Amino acid sequence: MIPSEAEATLDIRALPDENISAFYDMMRKVINDPAVEIVPDSRNQRPGAAPSRIDSDAYHSIEAAYKKIYGVVTLPYMSTGATDMAFLRAKGVQCYGIGAMGDEEDAGKGFGAHSDQERILEEAVYKHVQFFWEAVTSIAAKH
């Protein structure tokens, strides 16, 4: 039996400055079927905004703190998770998500972020406090 109708929900993770209306228009063009209706979900809409800069004083302070405390270089990336920083970015605030170091064995054990086994190593708590101290005092000294 062929069903008379079907429904699908897509979890779209747009770039911070993506023109979502243009994205839906492009989907309609690609699908190219008048029987398919695209209905955007208007709940929890995040405003579009430019990504945060990686040449700001704040970014350079964060970069230096990572190098000093963890001995690593900073690699910017965009996570697929949602954040309230989108609302601040829309108002021109430069925002950077940072996290504590993790145990490389955690993912294989199912101890990921927001899981019922989410955890942080004791050593990571102390290092993260040191990191924040370095980053915040550096940012404050520049302003």
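Preceding this paragraph is the structure being described.
Reading the values: rules and limits
- Residues numbered from 1 in each chain as written.
- Predicted model: local features only at pLDDT ≥ 70, side-chain atom pairs only at ≥ 80, totals over all residues.
- Heavy atoms only, no water.
- Core = buried A, V, L, I, M, F, W, Y, C linked by side-chain atoms within 4.5 Å.
- Buried < 20%, exposed > 50% of the residue type's maximum accessible area, 1.4 Å probe, protein only.
- Helix = DSSP H or I, 4+ residues; strand = E, 2+ residues; numbered from the N terminus.
- Contact = heavy atoms within 4.5 Å.
- Salt bridge = Lys/Arg side-chain N within 4 Å of Asp/Glu carboxyl O.
- Expected span 1.5 Å × (residues − 1).
- Arc of directions from axis to C-beta.

Overview of the nonpolar core
Note that soluble globular proteins tend to have their nonpolar side chains buried in a common cluster. Counting ten residues, the largest nonpolar core consists of Ala58, Tyr59, Ile62, Ala65, Tyr66, Ile69, Tyr70, Tyr96, Phe131 and Ala135. Listed by contribution, the elements that provide at least two residues to this core are α2 (57–70) and α5 (122–142). Among the elements that make up this core, the one with the highest residue count is α2 (seven residues). The residues touching tyrosine 59, leaving out its near neighbours within four places in the chain, are Arg53, Ile54, Thr74, Pro76 and Tyr96.

Description of the environment of proline 47
Among the secondary structure elements, proline 47 is positioned in the loop between α1 (20–31) and α2. The class of proline 47 is partly exposed, set by a relative accessible area of 28%. It is 9.3 Å that separates the C-alpha atoms of proline 47 and leucine 88, two residues lying 41 residues apart in sequence. Discounting chain neighbours no more than four positions away, the residues touching proline 47 are Pro16, Ala86, Phe87 and Ala90.

Section: the pattern of salt bridges
Side-chain pairs of opposite charge can arise whenever the charged atoms involved come near each other. Taken as a whole, this structure holds six salt bridges when the rule is applied. In this structure, arginine 53 engages aspartate 55 in a salt bridge whose closest nitrogen and oxygen atoms are separated by 2.8 Å. For arginine 53, a relative accessible area of 44% translates into the label partly exposed. Between glutamate 105 and lysine 109 there is a salt bridge, with its nearest N and O atoms 3.5 Å apart. A relative accessible area of 47% places glutamate 105 in the partly exposed class. Where salt bridges share partners, they join Asp103, Asp106 and Arg119 into one cluster.

Quick look at α2
Compared with an ideal rise of 1.5 Å per residue, which puts 14 residues at 20 Å, α2 spans 20 Å between its outermost C-alpha atoms and is within 8% of the ideal. Of all the positions in α2, only Ala58, Tyr59, Ser61, Ile62, Ala65, Tyr66, Ile69 and Tyr70 are classed as buried. When α2 is viewed along its axis, its buried side chains cluster within an angular range of 160° and face the same direction. Lining the buried residues of α2 we find α5. Positioned one or two residues after α2, glycine 71 has a phi angle of 70°, which is positive.

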